[in-house]
Structure formats: C-alpha cells, structure tokens
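Per-entry structural report
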Amino acid sequence: MKTIHTDIVIVGTGCSGLFAALHAPKEKKILMLTKTTLEESDSFLAQGGICVLKDPDDYESFFRDTIKAGHYENRRQSVEIMIKSSPEIIAELEDYGVRFAKDELGNPIYTKEGCHSHPRILFHEDITGKEITSCLLEQAKKCSNVSWMENTTMVDIIEEDNICYGILAQRDKETIAIESDFTIFATGGIGGLFSNSTNYPHLTGDALAISLRHRIALEHPDYIQIHPTTLYSTKKGRRFLISESVRGEGAKLYGKNGKRFADEVLPRDLLTKEIYKQMKKDEMPYVWLDMTMLGKEQILSHFPHIYQHCLDEGYDCTKEWIPVVPAQHYFMGGIHVNAASKTTMDQLYAVGETACNGVHGANRLASNSLLESLVFSKRAMHDLLALKPKKAKDFLALADETAKKLETSTYKEIVWDAIRKRKEGKKMNSITMSMNVDTLILQALREDVTSEDITTNAIMKGYQSGSVQLICKENGVIAGLPVFERVFHLVDPKTEVTFFFHDGDRVQKGDLVAEIYGDIRALLTGERTALNYLQRMSGIATYTAQTVKLLEGTNIRLLDTRKTTPNMRVFEKYAVKVGGGYNHRYNLSDGILLKDNHIAAAGGITNAIQMAKEYASFVRKIEVEVENMEMVKEAVEAGADIIMLDNMNVEQMKEAVDYIAGRALTECSGNVTRENIAQYIQSGVDYISSGALTHSAKILDLSLKNLKAV
Ligand SMILES: Cc1cc2nc3c(=O)[nH]c(=O)nc-3n(C[C@H](O)[C@H](O)[C@H](O)COP(=O)(O)OP(=O)(O)OC[C@H]3O[C@@H](n4cnc5c(N)ncnc54)[C@H](O)[C@@H]3O)c2cc1C
C-alpha cells in the first residue's frame with residue numbers, strides 16, 4: 001500500500017480546514033485532502049455573512065440571541081469563546097485580504113438576519129463565504145509546508161487503543177495510508193444524505209460514520225437545520241438558498257392566496273414548520289417570497305447573486321414573487337469535541353460543521369457557523385501543537401488491518417441510523433421530575449453533604465471551572481441520565497452536562513457517556529449522589545432488558561412489583577420501563593390487589609371481591625391472588641378482573657389459564673428471576689411479575705474520570 005508521512009493531516013478544504021492549516025507553524029508539514037476540488041465546499045456557498053461582536057456592549061444580546069435560537073441547549077462556554085474571539089478572527093480575515101461591505105467612510109456595514117436583535121453580521125455582497133474561503137485558500141496555497149490532494153476521499157482512520165495515527169484514503173481506486181501525528185476532520189455537513197439540501201451532494205457525513213465505527217462520541221446527530229427558504233426547482237441537485245438576510249431586510253412570505261401567514265424572522269425551525277403547514281393547506285409544493293419591496297437598487301447591490309440565479313431560473317425577483325421551499329441546510333450535531341476541538345480519541349480533532357462543540361445548541365443562529373468554524377479550528381491547531389504525539393508501533397500492519405475491514409458502502413446507513421436512533425431516546429416526565437424527583441434528590445444530597453463537603457472545601461478554595469467524564473465500565477443499558485444531570489443542577493444550576501447517549505441506549509465498557517462542565521467544587525460534591533442514582537437505575541434497566549429478551553417472541557409482558565428500595569420507587573420503576581418492562585401498580589392507591597391476608601381478613605375471595613367492588617371507584621380493576629384451582633374458580637365466579645397465579649407450578653398455571661379462558665387477565669408471580677423465567681413462558685399467562693427486577697439487579701459500573709481544570 002502506498003504510504004505518506006506528514007505531521008498533520010487535515011481532511012477537508014473548507015474554511016475550517018484552511019484556517020487550521022494557516023495557524024500551523026511553517027516547520028509542520030500539513031497535508032490537506034478534499035473529496036472533490038478545492039473550490040467545492042459549502043464554505044464557498046455561504047451567502048448571508050459572518051457574525052462579529054461589533055462592540056462590547058452587544059455581548060449580552062449576542063449571547064442571548066445565540067442561546068435563544070439554540071433552544072437554550074448550547075454549551076455556554078463555547079458560545080462565550082466564540083463571541084469573545086470574533087473581533088480577533090475578523091481582524092485576521094481582513095489581514096488576509098477579505099473585503100467586507102463598508103460605507104463611504106470606510107466603516108463596516110452590518111446586516112441582520114432572523115433572531116438577531118441587532119445588526120451584527122458582516123457581509124460581502126451575497127457571497128460572503130466565497131470571499132472568505134477564496135482568500136484563505138489563496139493564502140494557504142502560498143504556504144510551502146502545505147500540500148494538497150484533490151479528488152481524494154478519507155475512507156477510514158488508522159487507530160489503536162483510542163489513539164489516532166492517521167487515515168486511509170482512496171484516490172482513483174488506489175488506497176493510500178497517511179501516517180500523521182495529528183488528524184483533523186474538517187469534512188463539513190451531511191446534506192448529501194438528503195434529496196433536498198442546500199449542501200454539496202458529496203458531503204455525506206463520512207467522518208461521522210467513521211467515528212461511529214470507532215466508538216468516537218457523537219453529540220446530537222439528530223440536530224439538523226432545515227432552511228426555510230430555498231428556491232423551488234424540479235431540477236436535481238443542490239437547492240439554491242435564498243438567504244435569511246433577504247427576509248431580515250424586509251421580504252415577505254405569502255401563501256397561495258397572496259396573504260402573509262407567518263412572521264418572516266422567526267427562528268429557522270419555527271418558520272420551516274409554518275411554511276410546511278401553509279404548503280399543506282395550499283396543497284402546493286412551495287410558498288411565495290416577495291422581495292420586490294426591497295427595491296431594485298438594494299437587490300442588485302446586496303443580493304446580486306440571488307438576483308442573477310433567480311433570473312437564470314426564469315424569475316425576476318425585483319418585479320415578481322419567487323417560489324420557495326424548505327431544504328436541509330445545516331448540521332448542529334456532530335462529532336463531540338471539547339472547547340479545544342478535540343474528539344474523544346487521542347490525536348484526533350474535529351472542526352467546522354462536522355464537529356459539535358455545542359455552540360449552536362438545538363438550532364443555529366444565522367451567520368454563526370462561519371465564525372464558529374474559524375474560531376474553533378484555530379483552537380484545534382493551538383491545542384495539538386502543545387502536545388507530544390505518540391507513534392504507532394507498527395503503522396503499516398495497522399493500515400493493512402484497517403484496509404481489510406473497510407466497509408464504505410454502509411457509511412450512509414450508519415449515519416442515518418444514528419440520526420434516527422437519537423430521536424427515540426426515553427425521557428423522564430418533566431413534571432414528575434420537578435414535583436416528585438427534586439425533593440428526593442435534595443434529600444439524598446443533604447444526606448451526603450450534611451453541613452459541608454469537607455474534602456472538596458479543603459482542597460478547592462474558590463471557583464475553578466473544569467470538566468469531568470462519565471465513563472462506562474461494563475456493558476449494559478443506561479437509565480437515569482436526567483436524574484444524574486438534575487443532581488448537578490441542584491448542586492449548582494450553572495453546571496452543564498453533555499450526553500452522548502439517551503436513556504435506553506446500550507452502552508459498552510469504555511464508552512464516554514457524558515461530559516460534565518462547571519465549578520469543580522460542584523462536580524466533586526455531586527459526584528457520589530449522581531452516580532448512585534445512575535448506577536442503580538442502569539443496573540435495573542440492564543437486568544430488565546436481559547429478562548425481557550428471554551420473553552421475545554411471546555405476548556407476555558414483564559412487570560415489576562412494589563418491592564422497591566424505600567424512597568427510590570419513582571426512579572426504579574422508571575428504570576424498569578427504560579429496560580423494556582412494564583409497571584405494575586405504582587402504590588397502594590393505584591389499584592386493588594387482594595392478597596392472601598386481605599382474603600383472610602375479608603372471610604374469603606367472594607366477600608373480598610364484593611367489598612372491593614362496593615368500595616372502590618368503578619374505574620379500578622380488581623386483582624386477586626390465588627394459589628390453587630379452587631381459588632381460581634371462586635375468583636372467576638366473583639368477577640375478578642385479573643387473577644394472579646402465585647407460586648403455582650407451570651402445569652397448574654396452564655390448567656388455570658385454560659379454565660379462565662379470557663374471562664380475566666392472568667399474571668404469574670412468585671420468585672420469578674432472570675434465571676428461571678424461561679420455564680413460565682409455556683404457562684400462557686398475559687403477565688409475569690418479578691420483584692427481582694428492582695430488588696436483585698446489581699448496579700451497572702460507571703464512574704467519573706479525567707477531571708481537569710478548563
Ligand atoms: C448555501 C449555504 C449558505 C450558507 N450561508 C451561511 C452564512 O451566510 N453564514 C454562515 O455563517 N454560514 C453559512 N452557511 C454554513 C457554512 O457555510 C458552513 O457551515 C461552513 O462553511 C462549513 O465549513 P466546513 O469547513 O466545516 O465544511 P465545508 O466548507 O463544507 O468543507 C468540507 C470539506 O470536506 C471535504 N470532505 C468531506 N468528506 C470528505 C472525505 N471523506 N474525504 C475527503 N474530504 C472530504 C469536502 O470535499 C470539503 O472540502 C451556509 C451553508 C450553505 C450550504
């Protein structure tokens with residue numbers, strides 16, 4: 001196999017890859033790869049502009065606009081870094097020769113897009129991306145330490161023990177092993193996976209598929225932005241974006257009847273919903289956008305390329321409305337990186353749209369992505385330059401082994417799987433959380449902290465921000481992540497937790513499950529209580545999932561019981577559901593269950609059922625516990641809704657189920673465990689309940705590791 005050695009390999013030649021390269025010292029050899037040509041990247045397509053903190057007074061408002069658009073799911077630290085670094089980044093761009101719009105006095109002109117409270121976007125006509133990226137490319141081409149490979153596709157990374165030693169690439173069917181001290185993914189978005197997208201079709205999220213195969217953590221792969229307004233066309237290929245600044249400057253949207261139907265500067269996700277609603281109502285594949293009120297002069301000066309493109313498609317946007325439709329546009333999720341753009345694999349960084357540093361939260365604020373790409377690619381380069389890289393013991397052998405396992409044809413499906421799976425995560429009901437769970441967690445915290453965390457306070461004299469990782473130490477099903485997060489929020493509301501898994505996901509030994517960022521004192525104080533909940537709940541979910549698996553192919557549902565740890569029922573019953581089981585009654589007021597002692601107290605089954613029917617509301621089901629056929633018959637005659645066959649053997653249960661013949665539901669109960677449940681499948685009951693789910697599940701081993709100051 002052909003082998004190339006370099007110091008740093010950068011995969012992708014968009015603005016993020018180029019900016020990283022430009023921040024490397026001249027003695028470092030950089031190899032830059034692109035799947036097609038140097039000019040074919042989304043960075044060249046950016047129209048609207050690039051945000052900047054134009055004056056310190058705008059900081060609060062810029063920050064607020066970003067997190068509001070992001071549905072408050074943004075990592076605050078990343079947003080702060082981006083905004084505070086923006087003036088320096090813009091100054092660097094201007095030094096490289098980027099020309100932003102200026103007034104006659106040479107002062108910058110700022111434009112505004114949806115969700116920005118003030119104009120703070122620098123632009124160059126409506127081709128800001130081309131202006132920036134072509135300047136960066138020109139500068140990078142002048143660097144003698146940078147070499148280029150066009151039409152070359154990264155197909156895998158070469159790694160061992162979670163350390164990246166380079167990549168495997170393909171060009172003209174030839175496979176090339178590229179050995180490098182550091183690898184930077186700058187591979188852009190995922191638009192190529194969609195039939196309607198503003199992105200280049202070759203951007204198919206290859207780095208995400210590769211990350212998933214190598215268990216590198218992703219973050220929010222389902223956070224995908226649909227741009228509300230692209231020019232409607234029946235032609236194949238990329239959809240042409242009608243920039244948000246057109247609406248920011250006053251253009252209006254109309255339905256078929258020529259009437260406005262939405263606020264044009266709503267956040268992108270909300271406006272997209274409104275447009276889809278209107279299209280459905282109108283039974284049309286588009287809505288109309290009216291730019292005419294901007295006037296010909298403004299359209300030609302600020303939006304000349306939009307004007308020309310519309311003209312090429314047969315619309316004069318200075319005189320007539322144009323048809324627009326939403327299309328996939330941007331990827332907020334991606335490969336999880338820290339504030340230095342490092343992935344969860346050593347010697348591997350990710351920057352630009354393929355990375356998720358949390359700046360955008362659940363929805364990107366317009367014109368923040370070019371800025372974010374530049375800020376964090378520069379940080380990646382600075383970070384890696386300070387490290388001493390490890391070399392592979394036998395790079396060629398590793399490369400050969402990797403090449404043998406290549407399966408690129410599955411990459412698109414791998415990414416789609418991750419996108420779909422994320423949407424299905426289980427969540428604890430938020431009202432249950434605030435009404436019931438908070439008080440219990442506070443009690444647990446009080447029990448642990450009492451007057452003070454003496455150890456933490458001895459070593460930490462004041463505020464110090466830091467991060468710590470939640471690592472899984474054995475395979476299982478994770479449950480209780482919202483509770484884990486809540487513990488830290490109750491200790492310090494400013495703590496930020498980033499999850500890479502959802503409740504119900506299967507985790508493996510070594511997986512990074514979450515990263516927690518905040519005041520180190522809060523991280524240390526909350527650690528034990530947060531882990532206690534998570535380990536117990538995950539243990540129950542794991543045990544339940546293993547038991548449910550044994551019932552596969554039957555219609556039997558697995559139930560828990562009230563044999564829960566005092567004060568832990570809300571958590572343990574939730575964990576059973578996460579593991580795929582069902583809840584029996586939650587507490588004594590949740591249903592009538594007449595057991596042996598109730599029957600004895602009432603003077604027999606018939607009496608007990610009669611009294612229960614008279615006492616309880618008619619909506620309540622009545623369940624009776626029986627131990628032999630005689631009791632079964634009496635319970636059926638007396639009108640029991642559910643008959644619990646307690647401690648009966650399989651033959652007896654079969655006979656009972658045959659006799660009951662659908663007149664009541666049947667439940668098998670009595671010392672059922674994961675180890676013995678298989679024998680009860682033949683009984684034909686509707687439910688099997690098992691106290692073991694909550695009283696005998698062993699905890700799942702998880703721990704907080706790698707605490708560091710940030
Ligand atoms: C139409 C449009 C308008 C936009 N307008 C704005 C705007 O006004 N303001 C703003 O801030 N943002 C805007 N954006 C978003 C912004 O342009 C992108 O988020 C940003 O440019 C991404 O840069 P990047 O370097 O991460 O990726 P890109 O510029 O997309 O570059 C990706 C690179 O990776 C390469 N690559 C991918 N996979 C592989 C592989 N397997 N092997 C080798 N190479 C690979 C590609 O060939 C390419 O060179 C817009 C985006 C679009 C599509």
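Residues numbered from 1 in each chain as written. Predicted model: local features only at pLDDT ≥ 70, side-chain atom pairs only at ≥ 80, totals over all residues.

As for the overall build of the chain
- Check the secondary structure of the chain and you find 22 helices and 28 strands.
- In terms of overall dimensions, the chain has C-alpha extents of about 100 × 70 × 60 Å along its principal axes.
- A burial count over the chain gives 48% of its 710 residues as buried.
- Considering only residue pairs separated by 6 or more positions, the chain has 72% of its internal contacts joining residues 24 or more positions apart. (Helix = DSSP H or I, 4+ residues; strand = E, 2+ residues; numbered from the N terminus. Buried ≥ 20, exposed ≤ 12 C-beta atoms within 10 Å, placed from the backbone. Contact = placed C-beta atoms within 7 Å.)

Considerations on the sheet that holds strand E13 (residues 322–331)
- Taking strand neighbours across the sheet as the criterion, the four strands line up as E10-E13-E12-E11 in an open arrangement whose pairing is antiparallel. Two strands bound the open sheet, and with one partner strand each, they are strand E10 (224–231) and strand E11 (252–254). Here the average twist between neighbouring strands, direction ignored, is 45 degrees.
- As paired elements, E11 and strand E12 (residues 287–290) share three bridges and run antiparallel to each other. (Pairing = 2+ DSSP bridges. Axes fitted to C-alpha atoms, helices over the stretch in contact; angles between N-to-C directions.)

Here's the deal with the packing of helix H20 (residues 629–638) against helix H21 (residues 650–660)
- Viewed as axis vectors pointing N to C, H20 and H21 meet at an angle of 20 degrees, and their least axial separation amounts to 10 Å. Considering the angle they form, H20 stands roughly parallel to H21. Of the two possible hands of crossing, H20 and H21 adopt the one that is right-handed. In this structure, H20 contributes Met629, Val632, Lys633 and Val636 to the contact, and H21 contributes Glu655, Ala656, Tyr659 and Ile660.
- Per-class residue counts for the contact of H20 with H21 are six nonpolar, no polar and two charged. (Parallel < 35°, antiparallel > 145°, perpendicular 65-115°, else oblique. Left-handed = near helix turned anticlockwise from the far one by under 90°. Nonpolar A, V, L, I, M, F, W, Y, C, P; charged D, E, K, R; others polar.)

Some words on helix H5 (residues 206–213)
- Along H5, six of the eight residues are buried, which leaves the element largely enclosed by surrounding structure.
- Of the residues flanking the end of H5, it is Arg215, one or two places downstream, whose phi is positive at about 55 degrees.

What to know about the environment of Gly476
- Looking at where Gly476 falls in the secondary structure, it is placed in strand E18 (residues 476–477).
- Taking C-alpha positions, Gly476 is 48 Å from Lys26, a pair spaced 450 residues apart along the chain.

Notes on the sheet that holds strand E28 (residues 702–709)
- The strand order across the open sheet formed by four strands is E19-E21-E17-E28, and the pairing between neighbours is antiparallel. Edge positions in the sheet fall to strand E19 (496–499) and E28, since each of these pairs with one other strand and no more. Ignoring which end each strand starts from, the neighbouring axes of this sheet average 20 degrees apart.
- With six bridges joining them, strand E17 (residues 465–472) and E28 adopt antiparallel strand pairing. Bridge pairing in E28 links Gln469 to Lys705.

Topic: the packing of helix H19 (residues 605–615) against H20
- Axis separation between H19 and H20 bottoms out at 9 Å; the angle between their running directions is 30 degrees. As the angle between them shows, H19 and H20 are arranged roughly parallel. Where H19 crosses over H20, the two elements pack in a sense that is right-handed. Taking contact as the criterion, the partners of Ile605, Thr606, Ile609 and Gln610 in H19 are, on H20, Met631, Glu634, Ala635 and Ala638.

Details of the environment of Val636
- The topology assignment puts Val636 in helix H20.
- With 125 residues separating them along the chain, Val636 and Asp511 place their C-alpha atoms 51 Å apart.
- Not counting residues up to four positions away in its chain, the partners in contact with Val636 are Ile660, Arg663 and Ala664.

What to know about the UniProt feature "domain: Quinolinate phosphoribosyl transferase C-terminal" (unreviewed entry) in the chain
- In this numbering, the UniProt entry assigns the feature "domain: Quinolinate phosphoribosyl transferase C-terminal" (unreviewed entry) to residues 540–705.
- With 39% helix and 17% strand, the stretch residues 540–705 has end C-alpha atoms that lie 23 Å from each other. (UniProt positions renumbered as here; feature names shortened; annotations may be inferred.)

Quick notes on the UniProt feature "domain: Quinolinate phosphoribosyl transferase N-terminal" (unreviewed entry) in the chain
- Mapped onto this numbering, the UniProt entry annotates "domain: Quinolinate phosphoribosyl transferase N-terminal" (unreviewed entry) at residues 453–538.
- End-to-end, the C-alpha atoms of residues 453–538 are 26 Å apart, and along that stretch the chain is 42% helix and 28% strand.

Topic: unusual backbone geometry
- Residues other than glycine seldom take positive phi values, yet Tyr72 does so here, at roughly 60 degrees.
- As for its position among the elements, Tyr72 is in the loop between helix H2 (59–69) and helix H3 (76–96).
- Given 10 C-beta atoms within 10 Å, Tyr72 falls into the exposed group.
- Of note, Asn647 is a non-glycine position whose phi angle comes to about 50 degrees, a positive value.
- Structurally, Asn647 is set in the loop between strand E25 (642–646) and H21.

Overview of the site of the ligand
- Neighbouring residues of the ligand: 42 residues in total, closest Gly12, Gly14, Gly48, Gly188 and Gly352.
- When residues of the shell around the ligand are traced back to their parent elements, those giving at least two are helix H1 (15–22), helix H4 (128–141), strand E6 (153–160) and helix H10 (369–385).
- Taken together, the residues of the shell around the ligand break down into twelve nonpolar, 26 polar and four charged. (Near = placed C-beta within 6 Å.)

A word on the pairing of E17
- The pairing of E17 with strand E21 (residues 512–519) spans seven bridges and is antiparallel. By the bridge assignment, Val468 is partnered in E21 with Ile516.

Observations regarding the environment of Cys143
- Among the structural elements, Cys143 can be located in the loop between H4 and strand E5 (146–149).
- According to the C-beta neighbour criterion, Cys143 is partly exposed, with 13 such atoms within 10 Å.
- In this structure, the C-alpha to C-alpha distance between Cys143 and Ser430, residues 287 residues apart in sequence, is 54 Å.

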